[in-house]
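Summary of the model geometry
Chain residues, written in single-letter form:
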Amino acid sequence: MSVFKKNLLCLRASEQQILNSMETFIGLGFSRDEFVMMVKCFPQCIGYSAEMVKKKTEFVVKKMNWPLKVMTLFPQVLGYSMEKRIVPRCNVIKALMSKGSLGSELPPMASVLACTDLTFLNRQKICQKEDYDQPFCKDAQHQAMNQE
């Protein structure tokens, strides 16, 4: 508890919230030490609902086959939107893997989820000129124009 009480974002959480959050993470297969490490890196995860943490963790681990340990190293993924970032990008990665464009090895989770849409598209070389009418590419184009 002393580790959590030193963090300003954790000060707002009650001891019961912290214990409930720890139970959720341990129930998903994380160790106590991994939970502490995740909270140190991303204290906001204490405030997330058990349902949301479970949904995102199961998607990343079961659907995408990234190891649970990756979530420990990159807990920020819990703060990303399932509908706007996680699922669309993971669908792109799965499609590229099925076509053999990425080989058989899954790219690192952080390189898929942490970057901007434009960087993601450039890394995956997704938006060719003929694809610019696709919604994902249009969003990235709009982002790029706003950054200039």
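Here, the structure is the one placed above.
Let me begin by describing the structure that accompanies this report. Here the structure is a predicted model, which means the values were calculated and not measured. (Residues numbered from 1 in each chain as written. Predicted model: local features only at pLDDT ≥ 70, side-chain atom pairs only at ≥ 80, totals over all residues. Heavy atoms only, no water.)

Thoughts on the state of the cysteines
Structurally, a disulfide amounts to a covalent bond that connects the sulfur atoms of two cysteines. In this structure the tally under the stated criterion is zero disulfides. There is no disulfide at C41, and the cysteine sulfur nearest it, in C45, is 9.2 Å away. According to the relative accessible area criterion, C41 is partly exposed, its value standing at 44%. (Disulfide = S-S within 2.5 Å. Buried < 20%, exposed > 50% of the residue type's maximum accessible area, 1.4 Å probe, protein only.)

Regarding the packing of aromatic side chains
The full count for this structure, using the stated rule, is four aromatic pairs. With a centroid separation of 5.2 Å and an interplanar angle of 45 degrees, the aromatic rings of F25 and F35 are classed as tilted. Taken together, the positions of F25 in helix α3 (residues 15-27) and F35 in helix α4 (residues 32-41) put the pair ten residues apart, joining distant regions of the chain. We classify F25 as buried; its relative accessible area is 0%. Residue classification places F35 among the buried residues on the basis of a relative accessible area of 0%. On the numbers, 6.1 Å between centres and 55 degrees between planes, the contact of F74 with Y80 is tilted. Like F74, the residue Y80 is buried in the burial classification. Through a chain of ring-to-ring contacts, the aromatic side chains of F25, F30 and F35 assemble into a single cluster. Over the face of the ring belonging to Y80 we find R85, whose NZ or CZ atom lies 4.5 Å from the ring centre. (Phe/Tyr/Trp six-rings, centres within 6.5 Å; stacked < 30°, edge-to-face > 60°. Helix = DSSP H or I, 4+ residues; strand = E, 2+ residues; numbered from the N terminus. Lys NZ or Arg CZ within 6 Å of the ring centre and 35° of its normal.)

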